[in-house]
Structures are given as C-alpha cells and as structure tokens.
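Tertiary structure, described
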Amino acid sequence: MRIDIITVLPELLKSPFEASILKRAIDAGLVEVNFHNLRDYTSDKYKSIDDTQFGGGAGMVMMIEPIDKCISHLKSQRDYDEIIYMTPDGETLKQGIANHLSLKENIIILCGHYKGVDQRVRDQFITKEISIGDYVLSGGELGAAVLCDSIIRLIPGVLGNETSALTDSFQDNLLAPPIYTKPREYKGWKVPELLFGGNTPKIEKWREEQAYLRTKERRPDLLDD
Ligand code: ADE
C-alpha cells in the first residue's frame, strides 16, 4: 500500500511514522508513506497557499492551484483508489472505514488548514471526506496520523499476531473485554479465577459476556447498529 499525504506541515506529521508499529510496517515494505509539502507546488513568490474568502468573512481559505498541481502530479504517476480530505464536517472515522481503506493500493490524504479548502477542490478531486470526531483541530495533520495508524495496523503482516487486530474493540461492534497479566494478585487485587486453569471454552464465553456487558454499559449505541 502507498499513502501520499499532502500537508503544509510535514514536520508535524512525521514522528508518528518513526516509531513502533508504523515504523516497522514501513521498514518491512508493507506500506510506503510519502509527505508532500503544498508550498512546493505554489507559483506564488511568497509561497503562500491560502487567501481571503470571497464574499467576506474571517479566516483564510486554502487555494485550489497548489492542491491541483500536487494532486495532478501524483495522479500522473499512478492511479489512486481514494483521495481523502480530512475535515471536521466529513464522515466520522469508524473501524469499518479503516477496514475498507486497508484493502486499497494507493491513497492520497489532503490535510486541511485555516478555514479549509476552496470548495472546488472538494468538488473536483476529493472522493472521501473524513473527520476523526466532533471537535475542531488546528489542521488535518493529527487526524491524518490517526487515520493512517488505524489503516496500517490492519494491513496483513503488520501485526505479529494476525488475530490481534481481529479481536480489537469495534471489530464486531463490541468493546474489548477486560484483560489481565502477571502478577495474579497485586495489593490484594485479584485476577478473576476462571482465567487460570486453561478452560478455553469457558474463558471465551466469559470474554464474550464481558465484552457485551461493557458495550451495553459504555456504548449502548453500538448494540443498536
Ligand atoms: N481538521 C480539523 N478538525 C478535524 C477533525 N475533527 N477531523 C479531521 N480533520 C480535521
């Protein structure tokens, strides 16, 4: 898989890809992530990529020209399955979207800034708009990092134990059950007895029940889906 991220702040985005699972996935060649600085695509002598809104109003708007140049340059080199725009008014990121995108070959992610991009960018180039939640960030970069993490960990071979992504919270619309490790007892706080002794069917049943109870208590909306 190849991910091209278009941003005015590549330095803000790079570190999540330089550690842990994302770094390992890149080092193993399972995913290639490229950063494109939008300022490299402007013909403006001050390298500006935004301007004031037509019709008046506060806040700057990202101009279409550098975005068009960058996306057209990328599209001249390969076909893209999705061109995604990170924006608070996009579709809220859910596990299903990450699952869907993890099967793609090439995607572009455009990070918005200021007030956002000229509407014509969205109309002409964007195939999917994604929000990471109902709050406004200073830009799309952190959202893009979240989206990439959620996608990359699902690419076959990225996680050592293939089943571990399948047992994540949300994969079956349930939150994950409680988990424990050594010691068996700490300051008098005990691990549930049934987890010892290796009765796998009983443990599985307990986990399913716990996942259901936790979901019912914390996220009943998931059970309605
Ligand atoms: N840019 C600003 N806020 C955002 C959000 N909530 N999700 C994605 N991109 C954004």
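Residues numbered from 1 in each chain as written. Predicted model: local features only at pLDDT ≥ 70, side-chain atom pairs only at ≥ 80, totals over all residues. Heavy atoms only, no water.

With that settled, consider the overall build of the chain. When you go through the chain residue by residue, the secondary structure sums to 9 helices and 9 strands. For 225 residues, the compact-globule estimate of 2.2 N^0.38 gives 17 Å, and the C-alpha radius of gyration of the chain, at 22 Å, exceeds that figure by more than 25%. Principal-axis analysis of the C-alpha atoms gives the chain an extent of 70 × 40 × 35 Å. Expressed as a percentage of its 225 residues, the buried residues of the chain come to 39%. At a minimum sequence separation of 6, the contacts of the chain that also span at least 24 residues come to 75%. Approximately 13,300 Å² of the chain is accessible, and the part contributed by carbon and sulfur atoms is 51%. (Helix = DSSP H or I, 4+ residues; strand = E, 2+ residues; numbered from the N terminus. Rg over C-alpha atoms; globule rule 2.2 N^0.38 Å. Buried < 20%, exposed > 50% of the residue type's maximum accessible area, 1.4 Å probe, protein only. Contact = heavy atoms within 4.5 Å. Areas by Shrake-Rupley, 256 points an atom, 1.4 Å probe, with all protein chains shown as cover.)

Our next topic: the nonpolar core. Ranked by size, the top nonpolar core spans 26 residues in total, and within it Ile3, Ile5, Ile109, Leu147 and Ile152 carry the most contacts. Only strand 1 (2-7), helix 2 (20-27), strand 5 (82-92), helix 4 (95-101), strand 6 (106-111) and helix 6 (141-152) provide two or more residues apiece to this core. If you tally residues by element for this core, the top one is helix 6, at 6 residues. (Core = buried A, V, L, I, M, F, W, Y, C linked by side-chain atoms within 4.5 Å.)

Right, let's get into the site of the ligand. Around the ligand sit Met86, Thr87, Pro88, Ile130, Ser131, Ile132, Gly133, Tyr135, Val136, Leu137, Gly139 and Gly140, and that is every residue in its neighbourhood. Gly133 places a polar main-chain atom, nitrogen or oxygen, 3.1 Å from a nitrogen atom of the ligand. Contributing elements (two or more residues each) for the shell around the ligand: strand 5 and strand 7 (128-131). Per element, the largest residue contribution to the shell around the ligand is 3 residues, and it comes from strand 5. (Near = heavy atom within 4 Å. Polar contact = N/O pair within 3.5 Å; in protein donor to acceptor, adjacent residues only side chain to side chain.)

Once their charged atoms are close, side chains differing in charge can pair, the charge on each being opposite to the other. Summed over the entire model, instances satisfying the criterion amount to 12 salt bridges. Of the charged contacts, one joins Asp27 and Lys23 as a salt bridge, the two residues approaching to 2.7 Å between their closest N and O atoms. Here the residue Asp27 and the residue Lys23 both occupy positions in helix 2, the gap between them amounting to 4 residues, near one helical turn. Exposure remark for Asp27: the relative accessible area of 55% places this residue in the exposed category. A relative accessible area of 36% means that Lys23 is categorised as partly exposed. Of the charged contacts in the structure, one is a salt bridge between Arg219 and Asp221, with a shortest N-O distance of 2.9 Å. The partly exposed category is assigned to Arg219, whose relative accessible area is 28%. Here the salt bridges do not stand alone but share partners, grouping Arg2, Asp4 and Glu32 into one network. (Salt bridge = Lys/Arg side-chain N within 4 Å of Asp/Glu carboxyl O.)

The subject of this paragraph is the UniProt feature "binding site: S-adenosyl-L-methionine" (unreviewed entry) in the chain. With numbering matched to this structure, UniProt assigns "binding site: S-adenosyl-L-methionine" (unreviewed entry) to Gly112, Ile132, Gly133, Asp134, Tyr135, Val136 and Leu137. Relative to the assigned elements, Tyr135 resides in the loop between strand 7 and helix 6. A polar contact is formed between the side chain of Tyr135 and the backbone oxygen of Ile132, at a distance of 3.1 Å. Relative to the elements of secondary structure, Leu137 occurs in the loop between strand 7 and helix 6. The contacts of Leu137, once residues within four sequence positions are left out, are Ile132 and Gly143. (UniProt positions renumbered as here; feature names shortened; annotations may be inferred.)

Before going further, it helps to spend a moment on unusual backbone geometry. The linkage connecting Lys182 with the following residue, Pro183, adopts the cis geometry, with an omega of 0°. Examined against the element boundaries, Pro183 turns out to sit in the loop between helix 7 (162-166) and strand 8 (185-186). One non-glycine residue with positive phi stands out, namely Ser20, at about 55°. Tracing the backbone through its elements, the reader meets Ser20 in helix 2. Its identity as a non-glycine residue notwithstanding, Asn173 has a phi of 65°, on the positive side. Here Asn173 lies in the loop between helix 7 and strand 8.

The buried count for strand 1 comes to 6 of 6 residues, which makes it a mostly enclosed element. Taking every second residue as pointing to the same face, both faces of strand 1 are buried, with Arg2, Asp4 and Ile6 on one and Ile3, Ile5 and Thr7 on the other. Sheet topology places strand 1 next to strand 2 (residues 32-37); 6 bridges connect them, and they run parallel. Paired with Arg2 across the bridge in strand 2 is Glu32. Two strands pair when backbone bridges link them, and strand 1 and strand 6 are joined in this way by 5 bridges, in the parallel orientation. Across the sheet, Ile3 pairs through a bridge with Ile107, a residue of strand 6. (Pairing = 2+ DSSP bridges.)

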